[in-house]
Every structure is written in structure tokens, then in C-alpha cells.
There are 2 protein chains.
Amino acid sequence: LPKDKLLSGLLAPGFDEGSCLSRYQSVLFRKPSPYKPSRYLLSKLRNYEALHKRCGPHTKSYNETLKQLKSGHNIDSTDCKYIVWISFSGLGNRIISIASVFLYALLTDRVLLVDRGKDMDSLFCEPFPETSWLLPLDFPIIDQFNRFDRESSHCYGKLLNDSITNATTISLPSYLYIHIVHDYDHFDKLFFCDEYQALLGRVPWLIIRTDNYIVPSLFLIQAFGHELGKLFPEKGAIFHHLGRYLFHPTNPVWGLITRYYQAYLARADERIGIQVRVFDTRPGPFQYVIDQILGCAHRFKLLPEIDVHGSGVTLSAKPKVKSVLMTSLTAGYYENLRNIYWEYPTVTGDMISFYQPSHEEYQQTEQKLHEEKAFAEMYLLSLTDVLVTSPWSTFGYVAQGLGGLRPWILYKPENDTAPDPPCVQSMSIEPCFHAPPFYDCKAKKGIDTGTLVPHVRHCEDMSWGLKVVDSTLDFPFKWPS
Amino acid sequence: LPKDKLLSGLLAPGFDEGSCLSRYQSVLFRKPSPYKPSRYLLSKLRNYEALHKRCGPHTKSYNETLKQLKSGHNIDSTDCKYIVWISFSGLGNRIISIASVFLYALLTDRVLLVDRGKDMDSLFCEPFPETSWLLPLDFPIIDQFNRFDRESSHCYGKLLNDSITNATTISLPSYLYIHIVHDYDHFDKLFFCDEYQALLGRVPWLIIRTDNYIVPSLFLIQAFGHELGKLFPEKGAIFHHLGRYLFHPTNPVWGLITRYYQAYLARADERIGIQVRVFDTRPGPFQYVIDQILGCAHRFKLLPEIDVHGSGVTLSAKPKVKSVLMTSLTAGYYENLRNIYWEYPTVTGDMISFYQPSHEEYQQTEQKLHEEKAFAEMYLLSLTDVLVTSPWSTFGYVAQGLGGLRPWILYKPENDTAPDPPCVQSMSIEPCFHAPPFYDCKAKKGIDTGTLVPHVRHCEDMSWGLKVVDSTLDFPFKWPS
Ligand SMILES: Nc1nc2c(ncn2[C@@H]2O[C@H](COP(=O)(O)OP(=O)(O)O)[C@@H](O)[C@H]2O)c(=O)[nH]1
Ligand SMILES: Nc1nc2c(ncn2[C@@H]2O[C@H](COP(=O)(O)OP(=O)(O)O)[C@@H](O)[C@H]2O)c(=O)[nH]1
């Protein structure tokens with residue numbers, strides 16, 4: 001039976017296995033991770049679990065702190081402090097943002113509570129033992145969540161804006177709303193400055209809406225830098241560890257994952273994941289995307305080329321089979337590639353099979369079965385040996401992160417042409433923060449935050465994005481071998 | 001290397017292997033057939049090959065006989081006699097009709113020449129050694145083929161009609177056209193009477209248009225009965241032998257077959273073919289068809305049922321995988337079944353995977369790649385272990401015949417409802433003759449030709465059709481065990 005079902009100590013033992021089969025069965029489907037969690041991270045997680053159990057929903061401490069929220073006044077010290085994550089955006093965005101907010105909770109001794117939205121509880125098991133991370137449905141201000149935006153009276157950015165521009169003083173309310181979404185402004189971004197973090201520490205309830213992976217910018221907050229270094233000495237595997245710690249598919253989703261894997265993928269000699277996310281809104285499939293995928297796969301020898309004359313290849317009784325798992329909202333790319341490799345032999349004689357679990361045609365955020373399939377597909381991609389991902393897509397980030405795979409990232413095409421080179425192998429397995437601040441909090445001026453420290457760099461797929469890279473990666477820039 | 005690459009002597013040795021890889025490689029993909037060809041059949045085939053070589057295109061004898069055709073007069077005896085098969089109808093129809101006409105050629109010492117239509121030569125290898133079965137493109141009346149119908153002046157039925165109704169005598173022309181298509185009339189059907197066969201023997205050139213498997217009615221012609229009994233003592237495997245003898249996929253089609261098999265099917269523990277041919281012209285998929293397929297598969301334990309509560313099943317590290325190869329012009333049935341078995345576990349814990357090589361959306365007769373895929377799919381179905389076929393479809397007949405599989409035949413649905421029982425296992429692996437005559441040639445009156453001899457019965461899927469069944473099958477009707 002599974003040797004390392006606790007994933008090198010990442011997972012706590014003692015959960016009921018039947019209620020969340022994936023938790024201890026994931027080891028049956030994954031290769032052992034080359035990234036080991038630090039002992040410090042492990043003890044931090046165990047402490048967090050104790051904290052969450054003590055402060056979790058409907059505990060004495062929770063009820064006490066809730067009273068304060070209801071009173072509307074801020075009392076400086078409470079037993080427990082919380083950060084509530086508002087369910088928002090596509091599933092990939094939700095997963096990477098929860099992981100970020102959980103890390104923030106670890107760094108600030110807060111308890112993470114997750115707004116279940118329409119489907120969070122049907123997608124994810126409880127990650128913490130003997131308690132729940134789901135925000136109770138009777139949470140007082142839960143009805144206001146979908147009205148929270150950067151203009152809300154409790155929005156931290158707005159409060160700062162008012163106090164700084166009008167030189168008023170901030171009177172801390174019993175909760176603050178933090179807005180880190182693509183439309184967030186200069187004042188919202190002050191969240192990433194040490195001095196404004198200090199202030200936040202005094203508010204027991206933080207409510208956050210973000211669809212981003214904010215971890216790279218947390219590294220640039222001095223107060224957190226040291227602790228982050230201890231937690232993640234390797235640096236470039238933060239989401240890998242936190243993701244595998246937090247996101248256990250529920251039994252229905254685990255069924256989708258295991259059945260698909262065993263029915264279609266398990267017997268291949270090699271598995272290749274290709275995540276196709278096309279933001280071009282015209283009806284596809286687009287030839288330039290097909291060219292780009294094949295260009296990337298051939299250039300980096302992920303797939304053999306085809307023999308258009310089909311003559312040189314002799315039949316082998318037991319050829320090598322490479323299975324390609326494709327994910328996409330539409331079927332066109334899969335059908336194209338599958339037909340090419342059906343109609344022509346490969347130059348190596350290897351057999352290439354193609355699989356696509358679903359083609360949902362359009363994005364349906366928070367539709368139960370739709371999102372279960374989306375999660376299953378991210379997870380299935382993470383079980384491949386080699387991964388190709390689309391630019392700008394958090395869907396792919398989740399797959400690479402959970403799988404510990406340095407994907408080949410397709411470059412963003414311009415003018416309906418496959419870029420040259422078509423793709424590049426990612427520097428690390430970390431997600432990219434798509435909307436980081438470019439601000440020097442001390443000097444109070446703009447700065448390129450992607451060049452301040454060796455382990456926070458600009459992303460391959462988005463020049464203004466930031467990602468954490470392994471501490472062993474050479475600086476200045478050089479592709480890892 | 002292949003033990004029985006000549007298929008128990010069915011195939012002649014000595015062909016160039018590279019020019020038609022499938023001929024001697026088919027044994028690598030098929031299970032050994034339980035049906036053995038008789039020694040008499042083998043010697044008949046060898047004699048036929050010698051005849052074809054002597055009389056084939058552009059031989060001296062061929063050129064001589066052609067002169068006669070051009071002269072327009074019939075000389076009673078020629079060295080060689082021919083039957084020319086006109087390319088017509090869907091591929092399944094073409095294959096079963098060629099096999100029938102070849103058998104007729106064997107019985108009447110004629111040489112079969114095949115009109116290549118748009119794609120016959122790109123689909124099939126030459127079946128006879130050191131010669132060609134393709135009708136030369138310079139054949140004198142080749143341009144008239146598509147105008148031949150039951151009203152044509154050379155049509156045998158029309159000649160008989162004229163002579164019988166007007167009491168004129170037939171003056172035999174240098175060629176006759178034989179029309180055995182759904183719209184053929186009483187006089188065309190006299191082809192199946194002994195006395196009218198005798199007359200035909202004197203005409204060197206027969207040109208036939210048929211899309212049917214006329215073999216069952218050949219059995220009812222006394223002059224042929226004895227010979228057929230010697231050729232096929234087992235009776236119910238006529239197409240199985242003749243089909244494997246005649247229809248060798250060309251290298252491009254063989255590539256489609258072998259690549260698909262090796263990439264998708266080879267590693268399964270069991271292979272199930274489901275051929276879906278729906279003649280309902282409204283846009284599908286239809287729920288009643290889905291219900292019927294599942295009903296059949298479950299009733300006869302071809303596929304395990306699903307566990308809708310999904311609770312009872314525990315994960316097995318190496319579950320049994322059953323792969324279902326579906327063929328259909330549309331993707332809807334495949335997608336439905338695939339999703340059901342993805343979304344729910346089976347009660348047995350077996351994994352069921354689904355495959356459909358193409359979905360061409362509509363029938364495109366004589367389109368090269370389209371028909372190559374159609375042939376590849378029939379052949380792939382024939383490589384499965386268990387077969388489910390659609391009623392009335394010659395596409396399925398070819399698969400069952402080549403594979404030597406007694407399929408479960410879906411009954412024809414009525415009123416948009418899945419029939420009960422949904423399907424029945426076929427009595428034999430023989431195709432059904434869809435339009436047989438019901439005529440007693442001697443008594444000159446109607447008769448039920450499906451009850452005259454034990455080995456010619458009405459078909460399961462078409463009550464007025466006729467099929468040959470094994471001589472070991474009990475009579476009257478009883479399902480074989
Ligand atoms: N099943 C499935 N859903 C997808 C796929 N791509 C996008 N989606 C849907 O679209 C949403 C995209 O949002 P997200 O996961 O945040 O990824 P992103 O928009 O690419 O960053 C997902 O949550 C899915 O609902 C796919 O390949 N498969
Ligand atoms: N590729 C493919 N073509 C099909 C399928 N079903 C029907 N067709 C096409 O439709 C034609 C049907 O004619 P035929 O083979 O004579 O079968 P029948 O009409 O079912 O008796 C075939 O020749 C194909 O071109 C299928 O499942 N796959």
C-alpha cells in the first residue's frame with residue numbers, strides 16, 4: 001500500500017478516509033514529488049491546524065469574535081483573527097487565490113474561512129482536521145459579499161484613499177474588505193506595503209476578494225520575507241506544497257479523475273498534457289493555434305513528427321504508446337491533432353493517442369458538474385509526465401503546480417500567427433501573479449518589482465506579471481537546464 | 001512471426017508483401033477464426049486464380065472476348081466469360097455485393113471484373129495473384145454504366161419481360177445488364193430461377209448492378225445448391241471466407257486501421273464494438289437509441305451497469321479495462337455513453353472507455369478519405385471481441401462477417417421507443433439479403449423463400465430478408481447456445 005500517502009508529512013494523518021478518498025489516494029496516481037516540504041513548513045501547518053480547530057466555525061472563540069463584528073466596533077485584541085475569502089471567478093483563479101490567501105493567513109496568524117459560493121463544498125474536501133474551512137452560511141454580512149467592490153465603505157483601499165487624500169485619520173472598523181482584482185487601484189495596492197500591513201494586523205475580520213496569485217508580491221513585503229524564506233527554502237514550489245495540502249477533490253470529483261485516468265491514461269508508456277485555452281472570441285479552431293501546438297511539441301521533442309509520405313515506417317508488434325490528454329472548452333484542437341496522428345504515421349513509429357474528457361463549449365462559472373469536470377481536468381493534467389500550457393491561464397497554473405511540472409508555455413500569439421519560438425519551458429512550477437503592484441513603498445514611487453530580488457521574476461507568458469522562481473535559478477536570467 | 005498468415009490456406013502465397021501490407025499482416029490483429037474453409041473451397045479459389053490470370057485484363061483471351069462485345073453479336077462459345085460489377089452505393093453495400101457476385105462467378109466459371117468507381121482502387125488491394133480485378137478504364141461501354149437501369153435495352157429483366165409478355169423470342173446480345181437493386185421487378189427477379197440461369201450461361205459479358213448480398217437466394221437455385229454445399233459445408237461463414245479472401249485494405253487504409261488499433265485498442269482487456277447507424281433523419285442523438293444500446297449491453301452483460309449512487313465501489317489499483325469502439329456518422333451517441341461511464345462508476349468496478357474514430361456527420365459516397373475511414377472503421381469493428389450492430393445496415397454486416405462475430409443486432413425501433421427486447425444475438429455471421437424474391441420458379445407463384453430449407457432463414461433485423469445460417473443450427477428456430 002501507499003508508501004508516502006501523507007506526501008512527506010504535508011498532510012495530517014487521522015482523517016476519515018472514506019469521506020475524502022482523494023486525500024490519501026492521490027499518492028497512487030502521482031509520481032513522487034522532487035520537491036520536499038521544509039520541516040518548518042510542516043510544523044507551521046500543524047500549528048495552523050491547531051489554531052483553525054480552536055478558532056473554527058462555531059467554536060467559542062469564533063462566536064466571541066463574531067459578536068465584535070456584529071457590534072460594529074473594533075476592539076484591539078481578540079483571541080482569533082480571520083480572513084474570509086470570497087468565492088469569485090473561474091476555478092483556476094479561485095484555487096490559486098485561495099492558496100495565496102492561505103499563505104497570507106499563515107504569515108499573519110489568521111484563520112482562513114472560505115465562502116462556499118455555489119460549488120466550493122462540492123469540489124473540495126475539508127483540508128484541516130476536525131474542523132471546517134467553510135464560512136458558515138449564517139455569517140452576518142455574507143449577503144453583502146457580492147456587493148463588495150473598491151467603492152465599498154469598508155474597502156481598505158478606499159479608506160486609505162480617503163485618509164491620505166483628505167488627511168483624515170482612519171478609525172478601524174470591525175472588519176475590512178480587501179480588493180485585489182484586476183481593477184484595483186493605487187490605494188488597494190498599498191496592501192503590499194509593510195506599513196499598511198501593520199495596520200491590518202489590528203482588524204479581526206478581513207474579507208478579501210481576489211482572483212490572483214499574490215504570493216510573489218508577498219515576498220517583497222519585508223515583514224514576510226524572512227518567514228517565507230524559512231517556510232520555503234526552495235522557493236519555487238510554494239503553490240505545489242500548499243495546493244497539494246489544501247485542494248483534495250471530493251469523492252464525486254475523485255471518481256471523475258480516477259475513472260478517466262484508469263480507463264484512458266494508465267496504460268500509456270508516456271502521458272503528455274496539452275492545455276488549450278484560447279481567448280480569441282471568434283469561432284475556432286484556429287490554424288495558427290494548431291501550428292503553434294505542433295510547433296512546440298516538435299521543437300522540444302514532446303511528440304514525434306509525422307511522416308507525410310507514410311512510407312518509411314514498419315509495423316511494430318508492440319509500439320510505444322504516448323497518450324496526449326488535451327483540455328479545452330471546444331473539441332476542434334483535439335479533433336485536428338487526433339486526425340493528423342491517425343492519418344499519418346510518426347517518424348519514430350510511436351503511436352500517439354489523444355484524449356479530451358469534455359468540451360463544454362463556453363465557460364460556465366460555478367455550475368456544479370461543469371466545475372467538477374474543470375477541476376478533474378486540471379488534476380488529470382497534473383498527472384501527466386510532460387505538460388504544455390496556454391499563456392495567461394490559471395487553469396494551466398493549477399495543473400503545473402499540483403503536478404510539480406515545469407510546463408512548456410505557449411507564447412501569446414499576435415496577429416493570428418504562431419509565434420516563433422512557439423513556446424518556452426517555464427522557469428518554475430509557480431503560478432504567475434497577473435496584476436502585481438509596481439511601487440516602491442518606501443520611496444513612494446514606481447519601480448520594476450520584477451528585478452528586485454533573484455527569486456521574483458517576470459513571467460514567461462505575461463511580461464508585467466511576477467512569479468517566484470527556484471532559489472537555485474541563476475540570476476541574471478538564464479534558462480535552467 | 002505470424003503462424004497462419006495465409007488464413008488456413010484461404011490466401012495464395014507469393015504476393016509482394018510491401019504493396020499490400022494488410023494481406024499477410026491481418027493475422028497479427030485478428031483472433032484465429034473458428035471457421036475453417038473447406039479443402040474444396042481452397043481448390044476452387046486456386047482454380048479461379050488461374051482462370052483470372054488467364055482471362056484477366058489485356059490478356060489474349062480478354063482481348064478476344066472484347067472484340068465480340070464490340071461486334072455487338074453473341075457467339076455462343078468464348079474462351080472466357082466475365083461478370084462486371086458496377087460500383088454503386090455505400091461501402092458496406094459494395095463489399096457484400098462484390099462478395100456475392102464473386103461467388104456467382106465461382107459458380108458459373110466467370111471472371112469477376114470490378115468497376116473502380118471513384119475509389120475502389122484506393123480502398124482495396126488486388127485479391128488475385130499476378131493479375132488485376134479492376135475493369136480497365138478503356139472498357140468499351142464503361143461510360144454507359146451509370147445510365148444502366150431496369151429500363152435499359154440490355155437489361156435481362158426487360159428482355160424477359162418483352163419476350164414473355166409479348167411472346168417474342170430472345171435473341172441474345174453480346175452482353176446483358178443484370179439489375180438487382182431495391183426497385184427491381186418480377187422479371188429481374190427471374191435471375192434467381194434455374195431456367196433463366198441456363199440462358200445466361202451463353203452470354204460472355206454480364207454487367208451487374210447490385211447493392212445486395214444475394215447469396216441466400218443463390219442457395220435456392222437448384223443448379224448451384226450442390227456446389228454450394230461442397231464449397232461451404234458449414235454454410236454460415238460464406239461471407240467470412242470470401243470477405244477475408246477478397247478485401248484487403250490498401251496500405252493507406254491499413255495505416256488507419258493499425259494505428260488506431262495500436263494507439264487506442266490494443267491494450268484493453270476486452271474490446272466491444274458498437275455500430276450505430278440511425279436512419280431517423282431528424283437531428284439526433286435520440287434518447288431511445290441510447291436507451292436501446294444500453295438496454296442491450298446490460299441485458300446481455302456486454303457492459304456492466306453503472307452505480308448511480310456511486311458509493312459501493314472501491315478503487316482497484318489495476319482494474320479491468322473494457323474498451324468500446326463506436327462507429328457512427330455523428331458524435332452524439334458516443335459522447336452520451338462516454339459521459340455516463342465517466343460520471344458514474346460501474347457496479348463491477350471495471351473501467352469502460354469509449355472510442356469513436358470519426359464522425360463524418362453525413363454519408364459521402366465515394367469520397368476518398370471518407371470511404372477510407374469508413375472501411376477502416378468496419379475493419380476495426382471486426383477486430384473486437386463482442387459486437388453490437390444496427391438493424392438494416394450493411395456496414396455492420398461487413399464487420400461481423402470479416403470478424404467472424406455473431407453480433408447482438410439491435411431491433412428496429414418503432415415510434416421513438418427502444419424495443420423490448422432491445423436486441424437479439426444473430427443466428428449466424430452472414431449478411432442479410434434485404435430484397436430477396438418470393439417466387440417459386442417451378443410453380444410460378446409466390447412462396448415464402450425463408451422456410452424452404454433449414455439453412456436459409458428470415459433475418460433477425462428484417463422480417464422479409466433472407467440469410468444463410470449454420471447447418472448445425474436447429475430447425476425449426478431455436479437460439480444457438
Ligand atoms: N472543463 C473545462 N473547463 C474549462 C477549460 N478551460 C476553461 N474552462 C472553464 O472556464 C473557467 C476558466 O477559468 P479559470 O479556471 O480561472 O482559468 P483561466 O480563465 O484560464 O485563468 C474554468 O473554471 C472552467 O469552468 C477546460 O479546458 N476544460
Ligand atoms: N466513417 C463512417 N462512415 C459511415 C458510418 N456509417 C455510415 N457511414 C457512411 O455511410 C455509408 C453507408 O453505406 P453502407 O456502408 O453501404 O452502409 P448502410 O447504408 O448502413 O447499409 C458508408 O459507406 C460510409 O460512407 C460510420 O459509422 N463511420
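This one's a predicted model, so the numbers in the text were calculated from it and none came from an experiment. Here the residue index of a chain counts from 1 through its sequence in written order. Chain letters start at A and ligand numbers start at 1, both assigned in the order the entries are written. Residue-level local features of this predicted model are given only where pLDDT is at least 70; pairs of side-chain atoms are given and counted only at 80 or more, and the full residue set underlies all totals for whole chains, interfaces and linings. With hydrogens and water stripped out, all remaining heavy atoms of the structure feed into the side-chain values.

Caption draft 1: Structural context of the site of ligand 1. All names here are of chain A. We define proximity as follows: a residue is near a molecule or strand when any one of its heavy atoms falls within 4 Å of that partner. Taken together, 18 residues sit near ligand 1, with Gly92, Asn93, Arg277, Ser393 and Thr394 positioned nearest. Contacts to ligand 1 include Arg277, whose side-chain N or O atom sits 2.6 Å from an oxygen atom. Pairs of N or O atoms within 3.5 Å make up the polar contacts considered here, provided that, within protein, one atom can donate a hydrogen while the other can accept it, and that residues adjacent in sequence are counted only when both atoms are side-chain atoms. Between Thr327 and ligand 1, the recorded distance is 3.5 Å, taken from a side-chain N or O atom to an oxygen atom. Isolated, ligand 1 exposes 550 Å² of accessible area, and the fraction of that covered by the protein chains is 97%. Secondary structure follows DSSP: runs of H or I at least 4 residues long count as helices, runs of E at least 2 residues long count as strands, and numbering of each begins at the N terminus. Contributing elements (two or more residues each) for the shell around ligand 1: helix 4 (91-108), helix 15 (368-382) and helix 16 (394-403). In terms of residue count, helix 15 provides more of the shell around ligand 1 than any other element does, five residues in total. Of the residues that constitute the shell around ligand 1, the class distribution is five nonpolar, ten polar and three charged. Areas reported as accessible are Shrake-Rupley estimates using a 1.4 Å probe. Residue values count occlusion only from the protein chains shown. Asp, Glu, Lys and Arg are counted as charged, while Ala, Val, Leu, Ile, Met, Phe, Trp, Tyr, Cys and Pro are counted as nonpolar; the rest, among them Gly, fall into the polar class.

Caption draft 2: Quick peek at the site of ligand 2. All names here are of chain B. Around ligand 2 sit 18 residues in total, of which Asn93, Arg277, Glu371, Ser393 and Thr394 are the nearest. Measuring from an oxygen atom of ligand 2, one finds a backbone N or O atom of Gly92 at 2.6 Å. The protein chains hide 97% of the 560 Å² of surface that ligand 2 would expose on its own. A pocket here means an open set of points on a 1 Å grid, computed over the protein atoms alone, that has protein on both sides within 12 Å along at least five of seven lines. A cavity is instead a set of points where a 1.4 Å probe fits but cannot get out; residues with an atom within 4 Å of a point line either one. Occupancy of a cavity or pocket is assigned to a molecule whenever over half of its atoms lie within 2 Å of that pocket's grid points. Given that more than half its atoms are within 2 Å of the pocket grid, ligand 2 belongs to the largest pocket. Those elements that place two or more of their residues in the shell around ligand 2 are helix 4 (91-108), helix 15 (368-382) and helix 16 (394-403). With five residues, the top contributor of residues to the shell around ligand 2 is helix 15. In the shell around ligand 2, the residues fall into five nonpolar, ten polar and three charged.

Caption draft 3: Quick peek at the state of the cysteines. Residue and element names in this part refer to chain B. Disulfides are defined in this document as cysteine sulfur pairs within 2.5 Å. Applying the stated criterion to the full structure yields ten disulfides over all chains. A disulfide bridge connects Cys20 with Cys125, and the sulfur atoms are separated by 2.1 Å. With the S-S bond torsion at 95°, the cross-link from Cys20 to Cys125 turns out right-handed. You can see Cys20 sitting in the segment before helix 1 (21-29) and its partner Cys125 sitting in the loop between helix 5 (120-123) and helix 6 (156-165), a full 105 residues away along the chain. The exposure classification of Cys20 matches that of Cys125, with both residues buried. Partly exposed residues are those whose accessible area sits between 20% and 50% of the maximum for their type, while under 20% is buried and over 50% is exposed, using a 1.4 Å probe and protein chains only.

Caption draft 4: Looking closely at the nonpolar core. Nonpolar cores were defined as sets of buried Ala, Val, Leu, Ile, Met, Phe, Trp, Tyr and Cys residues, with membership established by side-chain atoms within 4.5 Å. Counting 305 residues, the largest nonpolar core has Phe139 of chain A together with Phe139 of chain B as its most contacted members. Only heavy atoms enter the contact rule, under which two residues are in contact if any of them lie within 4.5 Å. Those residues within four positions of Phe139 of chain B in sequence are excluded, and the remaining contacts are Tyr62, Leu66, Leu69, Val84, Phe145, Trp205 and Ile207 of chain B.

Caption draft 5: Quick look at the interface of chain A and chain B. Each side of the interface is counted separately: chain A has 41 residues, and chain B has 41 residues. In this description, buried area is defined as the sum, over both parts, of the accessible area (probe of 1.4 Å) that is lost when the two are combined. When chain A packs against chain B, the two sides together hide about 3300 Å² of surface, and 52% of this comes from carbon and sulfur. Considering only the surface of chain A that becomes buried against chain B, Arg259, Arg267 and Trp342 of chain A emerge as the three largest contributors, covering 27% of it. When a carboxyl oxygen of Asp or Glu lies within 4 Å of a side-chain nitrogen of Lys or Arg, that pair is called a salt bridge. Taken together, the links from chain A to chain B amount to four salt bridges. Between Arg267 of chain A and Asp269 of chain B there is a salt bridge, and its shortest N-O distance comes to 2.8 Å. For the pair chain A and chain B, the number of links is 25 residue pairs in polar contact (both at pLDDT 80 or more). Going through the elements one at a time, helix 12 (251-265), helix 14 (332-343), strand 7 (351-355) and helix 15 of chain A are the ones with two or more residues in the side of chain A that touches chain B. Here the residues of the side of chain A that touches chain B are counted per class, giving 23 nonpolar, nine polar and nine charged.

Purely geometric numbers; function is a separate question.
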